[in-house]
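Take a look at the letters that make up each chain.
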Amino acid sequence: MKKKELDWEKLGFDYREIDKRYVANYSDGKWENGTLSSKSDIVINESAGVLQYCQQVFEGLKAFTTKDGSIVTFRPDLNAERMMDSAEVLQIPPFPKEKFLEAVDLVVEANAEWVPPYGTGAALYLRPFIFASKPVISIEPAEGYQFRLFGTPVGPYFKGGVNPLTLCVSEYDRAAPRGTGNIKAGLNYAMSLRAHIEAHENGFDENMYLDAETRTFVEETGGANFIFVTKDKEIVTPKSETILPSITKRSILYIAENRLGLKVSERPVKFEELEEFAECGVCGTAAVISPVGKVVNEDKEITFPSGMEEMGEVTKKLYDTLTQIQLGDIEAPEGWIRKIV
Ligand SMILES: *Cc1c(COP(=O)(O)O)cnc(C)c1O
């Protein structure tokens, strides 16, 4: 397979327009057949539901080139299912799983030259989303929607080595109890931007959010779930109704238990417990796992024993195993890899 002439290793996480995207519209109560399109611009009415009342849900996944030159995606069926769950909450008609998978296949195949070569650490990031395209002005779900899936090549997350993150406990809350924290929707990000910018201005990489009800339990960062490693090498991850069920996290828990033979527990995690953990990481599609070196809460600082220089030993094992599975370097659990080309 011929690839584009790009400096793959130097790519950041930015939007770059590529050749084809998939578009399907919903009207008259049904999803029409989708097609590939060369047009990246969208024309919608000024009163479209997405512009007025933020009716939008999205997903994020990656396509990789394997050593033998095939192109694969990682567990896209789970993205399809999660997007149906998100859509239901925002009264958006769910996009059928089979069509979602077909859209992934078509876009990846049509843009195969944009899927970074094996060994560069880069990937083709895929962004499926649905938005309300028809006008509304009174408060109600729109009558028309568009599902769209585009791709953009993104670089390796850890350029020039791993730098453990420093987090601050946010004074803001990310998600209300019984609210929308457990769905993947643009609205959860719009409201997190102020906290994000303030954290950066204060020299932090990311926010750690606590539960809004009691502010005593750890939830997640703006866009990644936590995993902790105890001194006895047990994997602990927060259980909460208001965090987004990360596919990376679910995969890490499976690998920890079934490949590395580690004990795993998903349970509420008190902020006070942090001092007892040996390692901390945040996980999501973008980085797989980024190690966290330090968490700051007002004048209290917690530095994990794994330190500010490298990934902790267990975090590294999980990271290596999962990335090798994604790239087809080691055998994947049944059904995790979808071969496209
Ligand atoms: C997407 C997302 C994650 C990570 O989920 P993955 O499926 O692992 O990419 C975590 N938290 C939030 C709020 C997210 O939107």
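All values derive from a computational prediction rather than experimental measurement. (Residues numbered from 1 in each chain as written. Predicted model: local features only at pLDDT ≥ 70, side-chain atom pairs only at ≥ 80, totals over all residues. Heavy atoms only, no water.)

Caption draft 1: The packing of helix α2 (residues 76-89) against helix α3 (residues 97-110), seen in detail. Two numbers describe how α2 lies on α3: the axes approach to 9 Å, and their chain directions differ by 130 degrees. The angle between α2 and α3 falls in the class oblique. Like other packed secondary-structure pairs, α2 and α3 cross with a definite hand, here right-handed. Residues Pro 76, Asp 77, Asn 79, Ala 80, Glu 81, Met 83 and Met 84 of α2 pack against Lys 97, Phe 100 and Leu 101 of α3. In terms of residue class, the contact of α2 with α3 is built from six nonpolar, one polar and three charged. (Axes fitted to C-alpha atoms, helices over the stretch in contact; angles between N-to-C directions. Helix = DSSP H or I, 4+ residues; strand = E, 2+ residues; numbered from the N terminus. Parallel < 35°, antiparallel > 145°, perpendicular 65-115°, else oblique. Left-handed = near helix turned anticlockwise from the far one by under 90°. Contact = heavy atoms within 4.5 Å. Nonpolar A, V, L, I, M, F, W, Y, C, P; charged D, E, K, R; others polar.)

Caption draft 2: Looking closely at the UniProt feature "modified residue: N6-(pyridoxal phosphate)lysine" (unreviewed entry) in the chain. Annotation from UniProt places "modified residue: N6-(pyridoxal phosphate)lysine" (unreviewed entry) at Lys 184. Once residues within four sequence positions are removed from consideration, Lys 184 is found in contact with Val 57, Phe 58, Glu 59, Gly 60, Arg 82, Ser 86, Tyr 189 and Leu 244. (UniProt positions renumbered as here; feature names shortened; annotations may be inferred.)

Caption draft 3: Highlighting the pairing of strand β14 (residues 277-284). Counting buried residues along β14, eight of its eight residues qualify, which places the element largely inside the surrounding structure. For strand β11 (residues 225-230) and β14, the ladder comprises six bridges, and the chain directions are antiparallel. Each residue of the ladder has a partner; that of Thr 230, found in β14, is Phe 277. Summarising the sheet, β14 and strand β15 (residues 288-297) pair through four bridges and their orientation is antiparallel. The residue of β15 that forms the bridge with Val 282 is Ser 290. Hairpin remark: β14 followed by β15, antiparallel, with three residues in the connecting loop. (Buried < 20%, exposed > 50% of the residue type's maximum accessible area, 1.4 Å probe, protein only. Pairing = 2+ DSSP bridges.)

Caption draft 4: Layout of the domain arrangement of the chain. We note that the domain assignment places domain 1 (8-154) and domain 2 (165-326) within the chain. On a C-alpha basis, the centres of domain 1 and domain 2 stand 26 Å from each other. Ranking the residues of domain 1 by area buried against domain 2 places Phe 58, Phe 74 and Arg 82 at the top, with a combined share of 39%. Applying the counting rule to domain 1 against domain 2 returns zero salt bridges. Taken together, the links from domain 1 to domain 2 amount to seven residue pairs in polar contact (both at pLDDT 80 or more). When contributions to the side of domain 1 that touches domain 2 are tallied by element, the ones reaching two or more residues are β4 (56-58), β5 (61-65), β6 (71-74) and α2. Among the elements that line the side of domain 1 that touches domain 2, the one with the most residues is α2, at six residues. A breakdown of the residues in the side of domain 1 that touches domain 2 according to their chemical character gives 12 nonpolar, four polar and five charged. (Domains from an automatic or database assignment. Buried area = accessible area lost by both parts, 1.4 Å probe. Salt bridge = Lys/Arg side-chain N within 4 Å of Asp/Glu carboxyl O. Polar contact = N/O pair within 3.5 Å; in protein donor to acceptor, adjacent residues only side chain to side chain.)

Caption draft 5: A negative patch on the surface, seen in detail. Among the surface-exposed residues, Asp 28, Glu 32, Glu 140 and Glu 143 lie close enough to one another that they form a single negatively charged patch. Assignment of secondary structure puts Glu 143 in the loop between β7 (123-132) and β8 (145-154). (Patch = residues over 30% accessible without salt bridge, like charges linked within 9 Å, V, L, I, M, F, W, Y side chains within 5 Å. Areas by Shrake-Rupley, 256 points an atom, 1.4 Å probe, with all protein chains shown as cover. Lys, Arg positive; Asp, Glu negative; His and termini not counted. Charge placed at Lys NZ, Arg CZ, Asp CG, Glu CD.)

Caption draft 6: How the structure looks around the pattern of salt bridges. By the definition in use, this model includes 16 salt bridges. A salt bridge links Arg 174 to Glu 220; its shortest N-O distance comes to 2.8 Å. Of this pair, Arg 174 sits in the loop between β9 (165-169) and α4 (186-190) while Glu 220 is found in the loop between β10 (206-208) and β11, placing the two residues 46 residues apart along the sequence. Here Arg 174 matches Glu 220 in class, with each residue buried. Residue Glu 273 pairs with Arg 267 through a salt bridge whose shortest N-O separation is 3.0 Å. Assessed through its relative accessible area of 17%, Glu 273 is described here as buried. You can call Arg 267 partly exposed: its relative accessible area is 28%.

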